[in-house]
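Results of the structural survey
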Amino acid sequence: DSDSQIEERDSSTSTPQLQTRHSTHKMATRLKPYDFLMAVRALPKKMARSLPKSESSKTLVESAANKRGLSKMLDGTLREGAHDMRVFGLGFLRSVATKDDYVHFTTGMYHYYGAMEERFGKSDRSSLAGKVWQQFPELPRQDKIQHDLKIVGAWKEGLAMSAATENYVNSIHTAADEEGGARLLGHLYVRYFADLFGGRALGAPTRLALKLPETPHFYVWDASVEANRREYIERLYVELNVAGEGMEDAAQRERVVDEARLAFAHNASVYVEQPGLNMGAAKGALNIAVGAISRR
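Numbering of residues starts from 1 in every chain and runs along the sequence as written. Per-residue local features are limited, in this predicted model, to residues with pLDDT of at least 70; the limit for side-chain atom pairs, both in listing and counting, is 80 or more; totals at the level of whole chains, interfaces and linings are taken over all residues. Values shown for side chains rest on all heavy atoms present in the structure; no hydrogens or waters enter the calculation.

So, the overall build of the protein chain
Formally: Starting at the N terminus, helices and strands are each numbered in turn, a helix being any DSSP run of H or I of at least four residues and a strand any DSSP run of E of at least two. Whether two residues are in contact is decided by their heavy atoms, any of which lying within 4.5 Å being enough.
Looking only at helices and strands, one finds 16 helices and zero strands in the protein chain. The contacts of the protein chain with a sequence gap of at least 6 include a subset with a gap of at least 24, amounting to 81%.

Structure (structure tokens):
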């Protein structure tokens with residue numbers, strides 16, 4: 001049968017739901033890459049205008065602890081644009097374009113989460129970093145990331161680091177080696193607050209895009225955290241403020257904030273180190289859309 005005959009037969013015998021799925025898939029496959037990329041890049045603004053304020057946004061706005069001290073200073077990096085949401089958004093979409101892209105992204109996380117968690121774990125329990133870390137045993141992610149790599153058959157001992165990942169890991173070790181490890185708190189803020197606020201929402205799209213058998217464990221938090229995520233985040237803000245109050249002076253607090261800015265920059269470097277960010281993001285967005293349609 002010709003394509004036109006197949007389409008005519010399908011439209012006459014299928015249900016309205018199947019017709020919608022078929023026409024959407026046909027439109028997606030005929031969409032020119034540039035047109036699709038422009039649509040992807042327009043999504044954040046359109047969604048921001050049309051969707052109600054998210055739970056994460058409410059938490060950020062309604063928190064009491066982030067209106068003062070070190071927490072307020074760290075949140076200021078978001079307002080000043082240190083966290084490039086465009087790069088983050090495109091980078092995430094690129095990470096679900098192909099299995100290789102996902103493995104590259106997830107391997108990077110395995111290394112820099114591992115470095116951070118190793119150094120926090122070795123911190124003196126009486127140090128500023130150690131005092132914060134020991135109160136939040138639910139934070140570590142590396143074991144979950146290792147599980148996710150195993151699921152896609154990519155786990156092995158001695159995983160190689162990309163150049164951008166190696167630079168990121170080195171900066172974590174430098175922060176841990178100086179000033180009693182206080183600057184590690186800048187890395188903690190960048191990684192775990194992003195995961196707690198919005199990262200968990202990326203689990204389902206990742207599973208759909210790559211047709212995974214389960215949601216990546218990296219995006220899944222313990223039940224004790226999910227029971228009251230807002231309260232957990234507030235506790236973390238409070239302890240950051242306590243740590244800030246224990247620092248030598250305002251200059252040291254500012255160095256922790258500078259470390260957060262550096263961590264954001266390293267994170268962006270990991271996303272953009274491979275060529276083809278925009279086109280990869282377009283393919284990743286298409287994967288999510290097709291995965292969602294196929295699931296109906």
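Having seen the structure, we can now continue with the description.
Concerning the environment of A176
Going by this rule: The classification of residues rests on relative accessible area computed with a 1.4 Å probe and restricted to protein chains. Under 20% of the type maximum is buried, over 50% is exposed, and intermediate values are partly exposed.
Mapping A176 onto the fold places it in helix α10 (residues 163–177). Accessibility expressed as a relative area gives 15% for A176, which makes it buried.

Quick look at the packing of α10 against helix α15 (residues 250–272)
The cut-off we apply is this: Helix axes are fitted to C-alpha atoms over the stretch in contact, other axes to C-alpha atoms as well, and angles between N-to-C directions run from 0 to 180 degrees. Roughly parallel refers to an angle under 35 degrees, roughly antiparallel to one over 145, roughly perpendicular to one between 65 and 115, and oblique to any angle outside these ranges. Left-handed describes a crossing in which the near helix is turned anticlockwise from the far one by less than a right angle; the clockwise case is right-handed.
In contact at an axis separation of 8 Å, α10 and α15 are set at 165 degrees when each is read in the N-to-C sense. The angle between the axes of α10 and α15 places the two elements in the roughly antiparallel class. Considering only the axes of α10 and α15, their crossing is left-handed. Between α10 and α15, the residues in contact are A164, T165, N167, Y168, S171 and A175 and E259, L262, A263, H266, N267, S269 and V270, respectively.

Things to note about a nonpolar patch on the surface
Stated formally: Like charges are joined within 9 Å and nonpolar side chains (Val, Leu, Ile, Met, Phe, Trp, Tyr) within 5 Å, but only among residues with over 30% relative accessible area and no salt bridge; these make up the patches. In short, Shrake-Rupley with a 1.4 Å probe defines the accessible areas, and a residue's cover is counted only from the protein chains shown. Each salt bridge in this description consists of a side-chain nitrogen of Lys or Arg and a carboxyl oxygen of Asp or Glu lying within 4 Å of one another.
A cluster of nonpolar residues, L60, V61 and L78, forms a patch on the protein surface that exposes about 210 Å² of accessible area. Residue position: L78 is located in helix α5 (residues 69–79). Taking the relative accessible area as the measure of exposure, L78 reaches 33% and is therefore partly exposed.

Description of the environment of D101
Take D101: it is sitting in helix α7 (residues 99–122). D101 sits in the buried class, given a relative accessible area of 13%. Sequence separation of D101 and G280 is 179 residues, and the distance between their C-alpha atoms is 8.7 Å. Leaving out residues up to four positions away in the same chain, D101 has contacts with R94, S95 and Q274.

Regarding the nonpolar core
Here is the rule we go by: For this analysis, a nonpolar core means a set of buried residues of the types Ala, Val, Leu, Ile, Met, Phe, Trp, Tyr and Cys, connected via side-chain atoms within 4.5 Å.
Core analysis: the biggest nonpolar cluster contains 70 residues, and L139, L188, Y189 and F193 have the highest contact counts within it. The biggest single contributor to this core is α7, with ten residues. Among residues more than four places away in sequence, those in contact with L139 are E117, W133, L188, Y192, L196, W221 and Y232.

Let's talk about the confidence of the model for the protein chain
Applicable threshold: pLDDT is defined as a per-residue confidence score from the predictor, taking values between 0 and 100.
Averaged over the protein chain, the pLDDT score is 85; the fraction of residues at 70 or greater is 81%. For the stretch residues 1–53, pLDDT sits under 50, and the model shows 30 contacts to residues farther than four places along the chain or on other chains.

Examining the packing of aromatic side chains
Given two aromatic rings, one states the distance between the centres and the angle between the planes to describe the pair. Put simply, the test is: Between the rings of Phe, Tyr and Trp (Trp by its six-membered ring), a pair exists once the centres lie within 6.5 Å; its type follows the angle of the planes, with under 30 degrees stacked, over 60 edge-to-face, and the other angles tilted.
This model, assessed by the stated rule, comprises 14 aromatic pairs. Look at W133 and Y192: their rings are 5.9 Å apart centre to centre, the planes differ by 45 degrees, and that puts the pair in the tilted class. Residue W133 is found in helix α8 (residues 128–133), and its partner Y192 is found in helix α11 (residues 184–197); the two are separated by 59 residues along the sequence. Judged by relative accessible area, which is 12%, W133 ranks as buried. Residue Y192 is classed as buried on the basis of its relative accessible area of 0%.

Quick notes on the packing of α11 against α15
Inclusion rule: Charged residues are taken to be Asp, Glu, Lys and Arg, nonpolar residues to be Ala, Val, Leu, Ile, Met, Phe, Trp, Tyr, Cys and Pro, and polar residues to be all remaining types, Gly included.
Closest axis-to-axis distance for the α11/α15 pair is 7 Å, and the angle between their directions is 45 degrees. As summarised for this structure, α11 and α15 are arranged oblique, according to the angle between their axes. For the pair α11 and α15, the crossing hand works out as right-handed. Here α11 contributes L185, G186, H187, Y189, V190 and R191 to the contact with α15, which in turn contributes V256, E259, A260, A263, F264 and N267. Grouping the amino acids of the contact of α11 with α15 by side-chain chemistry returns seven nonpolar, three polar and two charged.

Description of the environment of M279
Considering the arrangement of structural elements, one finds M279 in helix α16 (residues 277–295). Considered as a pair, M279 and L90 are 189 residues apart in the sequence and their alpha carbons are 9.3 Å apart.

A look at empty space enclosed by the protein
Test applied: Both cavities and pockets are sets of points on a 1 Å grid over the protein atoms alone; in a cavity a 1.4 Å probe fits but cannot get out, in a pocket the set is open with protein on both sides within 12 Å along at least five of seven lines, and lining residues sit with an atom within 4 Å of a point. Grid points are joined across faces, edges and corners, and a volume is the space filled by probe spheres set on the points.
Considering all chains together, one arrives at four cavities of 30 Å³ or more under this definition. Looking at the largest cavity, its volume works out to about 150 Å³. Along its surface, the largest cavity is lined by 17 residues, and F88, R191, A194, D195 and Y271 are the ones closest to its centre. The element that contributes the greatest number of residues to the lining of the largest cavity is α11, accounting for four residues. Looking at the lining of the largest cavity residue by residue, the classes come out as twelve nonpolar, three polar and two charged. Lining of the second largest cavity is provided by G91, R94, S95, D101, H104, F105, V270, Y271 and Q274. Of all the secondary structure elements, the ones that give two or more residues to the lining of the second largest cavity are α6 (85–95), α7 and α15.

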